[in-house]
Amino acid sequence: MKPDALDPTPKWDVWVVVPANNEEDNIGSALRAISAALADASDRIGRSCTVVIADRCVDGTAQAAKAVCPPGELMVTASVAGNVGMARAIGVRHAQSMVPPRNPERTWIASTDADTLVPRNWLTLQLDAADRGVMGVAGIVDIEYFDELPTSARHFFATSYTAALPSIGDHPHVHAANLGVRLDAYLAAGGWNPLTRSEDRDLWNRLADTGARLESPTSLKVITSGRSVGRVPGGFADCLREQTVKFHDYVRNASHASHASHVSHASHASNGASVNGAPVNV
């Protein structure tokens, strides 16, 4: 926890919440990236904490997390929720006990995942939006590696996700790995629901229903793992794998249909087809 500096400029209290399920290989890198983001925005932050929710971990996730961050800046709490929405909600409650909010309108909750690397300006960009009166931001993701995914995954992601992003304005995606929300808006929307999947879209929709001012900038981008089996059934990894398989099948079927069409056309031509009434000889 960082103490307030003697500065008349209003500062933000920032809570970073990271659920983790057997992430001993990734949590250290994730926390180092978060620490760099906190340092980058240090002139805007009065107090901050990072909370790791070690949910149903049977590996060394908790120990790996504690080895990276000083105790005063990090809380690692064990959970048996087995539910990603509940784990995120538990993290927010623990952050509230670690850094009690002085003003919910100047308290920012930043959500990410243990297999995700946030950029150095991750919190700076979020607080830029917050200072403009934005109450929630949803960023985009890029994939660190595709080695574990079907061979067409890279092309699918590039064409169906990256290339489809708007050049200006808001994008349509919501990822809990790259999400920020002001505490008063979070409370008004009812916080994280105990959902096993799509907890991010659920919270985002409820924020919108309350009239919260929201932004979805493409400039806010994190790097997430490209593993084929995720920690959350039906989560990003499963969705990416399933959609890639569907995309592969679509391309294969389209290729077969195109080949059959060419064969059919050639057959018609060899049997005396015509163009503009004139016979075609092959």
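Just above, that's the structure.
Please read these numbers as outputs of a predicted model, since none were measured by experiment.

Visitor: Tell me what's going on with the nonpolar core, and back it up with residues and numbers.
Guide: Core analysis: the biggest nonpolar cluster contains 39 residues, and Val14, Val16, Trp122 and Leu123 have the highest contact counts within it. Mapped by element, the contributors of at least two residues to this core are β1 (12–20), α1 (27–40), β2 (45–55), β4 (107–111), α4 (122–131), β7 (140–143) and α5 (153–162). By residue number, the principal contributor to this core is α1, which donates 6 residues. Core analysis: the next-biggest nonpolar cluster, separate from the first, contains 29 residues, Trp15, Ile90, Tyr186 and Ala212 among them.

Visitor: So what's going on with the environment of Phe146? Which residues, and what values?
Guide: Positionally, Phe146 belongs in the loop between β7 and α5. Expressed as a C-alpha distance, the spacing of Phe146 and Gly226, which sit 80 residues apart in the sequence, is 5.3 Å. Excluding its chain neighbours within four sequence positions, the residues that come into contact with Phe146 are Ala153, Arg154 and Phe157.

Visitor: Explain the sheet that holds β7 residue by residue, including any values.
Guide: Read from one edge of the open sheet, 3 strands run β5-β10-β7, paired in mixed fashion. Whereas interior strands pair on both sides, the edge strands pair on one side only; in this sheet they are β5 (116–117) and β7. The pairing of β5 with strand β10 (residues 221–224) spans 2 bridges and is antiparallel. Across the sheet, Leu117 pairs through a bridge with Ile223, a residue of β10.

Rules of the game
All chains use their own residue numbering, which begins from 1 and follows the written sequence. A pLDDT threshold of at least 70 governs which residues receive local features in this predicted model, and a stricter bar of 80 or more applies before side-chain atom pairs are shown or counted, although totals over entire chains, interfaces and linings include all residues. Excluded from the side-chain calculations are hydrogens and water; all other atoms, namely the structure's heavy atoms, are used. Here, the term nonpolar core denotes a set of buried Ala, Val, Leu, Ile, Met, Phe, Trp, Tyr and Cys residues that are joined through side-chain atoms within 4.5 Å. Burial classes: relative accessible area under 20% of the type maximum marks a residue as buried, over 50% as exposed, and values in between as partly exposed (1.4 Å probe, protein chains only). Secondary structure counts use DSSP, requiring at least four H or I residues in a row for a helix and at least two E residues in a row for a strand, with both numbered from the N terminus. What makes two residues a contact is simply this: any of their non-hydrogen atoms within 4.5 Å. Pairing between two strands is assigned when DSSP locates at least 2 bridges connecting them.

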